[in-house]
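# Geometric and topological summary
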Amino acid sequence: MPDTGLLPDAARTAPVAAGEVVVIGLGYVGLPIALEAAAAGFAVTGFDLDPAAARVAEAAFHGRRGAGRLVATADPRGLPRAGTWLICVPTPLDAAGRPDLSLVTAALATCRAGLARGALVCLVSTCQPGATNGMCRAALERDGMVVGRDIFLAVSPERENPGATSPGPRATPRLLGAPDPVSLARAHAFWARIADRVIPVASAEIAECAKLLENTYRLVNIALIDELHRGFAALGVPTRAVVEAAATKPFGFAPFWPGAGAGGHCIPVDPAFLQMELARAGAASSLLAAAAEANRDRPARILAAVEQALGGTLAGRRVLVLGVTYKPDVPDLRGAAPAALLHALAARGAEALWHDPMAGPAPQALDGLRRVDDPAAEAVDAVILGTPQRGFDLARLAGLAPVVFDPFGLLPPDRRVRAV
Ligand SMILES: NC(=O)c1ccc[n+]([C@@H]2O[C@H](COP(=O)([O-])OP(=O)(O)OC[C@H]3O[C@@H](n4cnc5c(N)ncnc54)[C@H](O)[C@@H]3O)[C@@H](O)[C@H]2O)c1
């Protein structure tokens, strides 16, 4: 670990927080951290409001016992007075697209109920700048305990990239910020046992903003390359070849690839947390707003291209979307652009069909839409590549309809294949 000079000397010799850890929220983020903490020798209690998630965690715990102990529960009354509490609950947007922090508030109430003097609470969920020092501190100090003196508070935003290639919590470098040096030292002693590299930063706000910058950077660049993909297509230049060529520059360029629109629970969501605070400070980012809007509109733009190619109407047309998860090789449909596309097709009167071996048996996000097991057995008017799953034979799939739309630039454009 680089010596950033932020940890007091005491931190290097500080005893690790007492061996009990509570992980609140056992989803994509909380479960792997709970497993890693147990492997590191902690006694871990996973808590999830959803008994099904607690059961899944319990099964995972049994399969992978480490040096420590692991239990999962959906009953907050069963939680120990642990030395370390990790908040790993969702931070989605509400129906109006505004950050919804109600689950973090509920998780803080759970911490408060079991918090002993000397305990550390660490926010792992993605929140707005100021959340740690603001809402978290206010909730935890409500009973008269003071952060930095009686209890300790830190933020270590999750940077995990779920999927088969995920490096996992140990290998992903952890940012760590805290309102005071003692909290930072306490949190560092904990995380240094879970992750190979912990990077302390000078404030909680730096850690919060860094996490949001990472995904805002991705959203803006994805929106840019999606737009340029249409532009390069209009120029008759293959986008992926352009990106590959640009990526040979050894500095100052990071490649982004076109697609059907960034989905999932992070890239389209996290920038809204940053924008909320920027707006509150009178410094909203117009570039971020334009990127968010372009990304939201991406399915509608694809739809418009399909409609135009099919003679100006989608009513009665059969359109097949290949790949529906929010990115390749994961089963997750949260915020998936192909799902938005399918619903929009159906709303315009098209018969919207989908095919995706990666999606679970009956994804709720696609309720009412027809799944197709063998795309070659369907006569359709158009095919749209929604998500290029690794198992797809793209050359074969491109031959399934008189017109094929490829938002990814993976198929060589020809009379039939359109870049959108
Ligand atoms: N999934 C990712 O790849 C990823 C990556 C980086 C950051 N994050 C962030 O991490 C946080 C967690 O995301 P996730 O993907 O793990 O969510 P998730 O939906 O997979 O899991 C969250 C779990 O928390 C539970 N929960 C909700 N409220 C609770 C409460 N009050 N008490 C106890 N349990 C509660 C839910 O039942 C669910 O099982 C979010 O802020 C997210 O933005 C996620």
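Residues numbered from 1 in each chain as written. Predicted model: local features only at pLDDT ≥ 70, side-chain atom pairs only at ≥ 80, totals over all residues. Heavy atoms only, no water.

Attention shifts here to the confidence of the model for the chain. Taken residue by residue, the chain gives an average pLDDT of 92. The fraction at 70 or more is 94%. When the criterion is pLDDT under 50, residues 10-17 qualifies, and its contacts beyond four places in sequence or with other chains add up to nine contacts. (pLDDT = per-residue confidence, 0-100. Contact = heavy atoms within 4.5 Å.)

Across all of its chains, the model carries three aromatic pairs by this definition. Both rings, one in phenylalanine 190 and one in tryptophan 191, keep their centres 5.1 Å apart while their planes meet at 75 degrees; by these two values the pair is edge-to-face. Side by side, phenylalanine 190 and tryptophan 191 carry an identical accessibility label, which is buried. The side chain of arginine 174 reaches across the aromatic face of tryptophan 191, ending 4.0 Å from its centre. The cationic tip of arginine 193 hangs over the ring face of phenylalanine 42; the distance from NZ or CZ to the ring centre is 4.2 Å. (Phe/Tyr/Trp six-rings, centres within 6.5 Å; stacked < 30°, edge-to-face > 60°. Buried < 20%, exposed > 50% of the residue type's maximum accessible area, 1.4 Å probe, protein only. Lys NZ or Arg CZ within 6 Å of the ring centre and 35° of its normal.)

In this section: the site of the ligand. What surrounds the ligand is a group of 27 residues, the closest being Val29, Asp48, Thr91, Thr126 and Pro162. One of the backbone N or O atoms of tyrosine 28 is found 3.0 Å from an oxygen atom in the ligand. At a separation of 3.5 Å, a nitrogen atom of the ligand approaches a polar side-chain atom of histidine 265. Per-element accounting of the shell around the ligand gives the leading share, three residues, to helix 4 (residues 102-114). (Near = heavy atom within 4 Å. Polar contact = N/O pair within 3.5 Å; in protein donor to acceptor, adjacent residues only side chain to side chain. Helix = DSSP H or I, 4+ residues; strand = E, 2+ residues; numbered from the N terminus.)

Moving on, we get to the layout of surface pockets. Its volume calculated, the second largest pocket comes out at about 620 Å³. Along the wall of the second largest pocket there are 28 residues; nearest its centre are Leu93, Pro268, Ala292, Asn295 and Arg296. Put simply, the parts of the chain that give the lining of the second largest pocket at least two residues each are helix 10 (270-280), helix 11 (286-309) and helix 12 (337-347). Among the elements that take part in the lining of the second largest pocket, helix 11 stands out by supplying six residues, more than any other. Grouping the amino acids of the lining of the second largest pocket by side-chain chemistry returns 19 nonpolar, seven polar and two charged. A domain split of the lining of the second largest pocket shows at least three residues from each of domain 1 (9-202) and domain 2 (239-419). (1 Å grid on protein atoms, 1.4 Å probe; cavity = no way out; pocket = protein on both sides within 12 Å on 5 of 7 lines; lining within 4 Å. Points joined across faces, edges and corners; volume = space filled by probe spheres on them. Nonpolar A, V, L, I, M, F, W, Y, C, P; charged D, E, K, R; others polar. Domains from an automatic or database assignment.)

Per the stated rule, a full pass over the model turns up 21 salt bridges. Where aspartate 150 meets arginine 149, a salt bridge forms, and the shortest distance between an N and an O atom there is 2.8 Å. For glutamate 351, the salt bridge is made with arginine 370, and the minimal N-O distance between the two is 4.0 Å. Taken together, the residues span a long stretch of sequence, with glutamate 351 in strand 10 (residues 351-355) and arginine 370 in strand 11 (residues 370-371) at a distance of 19 residues. Classification of arginine 370 as partly exposed rests on a relative accessible area of 36%. Among the charged side chains, a salt-bridge network with shared partners connects Arg318, Glu351, Arg370 and Glu378. (Salt bridge = Lys/Arg side-chain N within 4 Å of Asp/Glu carboxyl O.)

Next up on the list: the sheet that holds strand 12 (residues 382-385). Taken in spatial order, the six strands make up an open sheet running 11-10-9-12-13-14, and their pairing is parallel. A strand with exactly one partner marks an edge of an open sheet, and here the two such strands are strand 11 and strand 14 (417-419). Against the sheet, helix 11 touches strand 12, strand 13 (403-406) and strand 14, its axis set at about 165 degrees to strand 13. (Pairing = 2+ DSSP bridges. Axes fitted to C-alpha atoms, helices over the stretch in contact; angles between N-to-C directions.)

In the contact formed by helix 8 (residues 204-235) and helix 9 (residues 239-246), the axes pass within 9 Å of each other and the chain directions differ by 120 degrees. One element, helix 8, and the other, helix 9, form an angle in the oblique class. Across the interface between the two elements, Ile225, His229 and Phe232 from helix 8 touch Thr239, Val242 and Val243 from helix 9. Counted by class, the contact of helix 8 with helix 9 contains four nonpolar, two polar and no charged residues. (Parallel < 35°, antiparallel > 145°, perpendicular 65-115°, else oblique.)

As for its position among the elements, serine 125 is in the loop between strand 5 (120-123) and helix 5 (132-140). Residue classification places serine 125 among the buried residues on the basis of a relative accessible area of 6%. Excluding anything up to four places from it in sequence, serine 125 contacts Ile87, Cys88, Val89, Thr91 and Val104.

Here the focus is the domain arrangement of the chain. Parsing the chain into structural domains produces domain 1 (9-202) and domain 2 (239-419). Counting from both sides, the interface comprises 16 residues of domain 1 and, opposite them, 15 residues of domain 2. Summing the contributions of domain 1 and of domain 2, the shared interface buries around 1,100 Å²; its carbon and sulfur component is 69%. Where domain 1 meets domain 2, there are zero salt bridges. On inspection of domain 1 and its partner domain 2, the count reaches two residue pairs in polar contact (both at pLDDT 80 or more). Looking at the side of domain 1 that touches domain 2 residue by residue, the class counts come to nine nonpolar, six polar and one charged. (Buried area = accessible area lost by both parts, 1.4 Å probe.)

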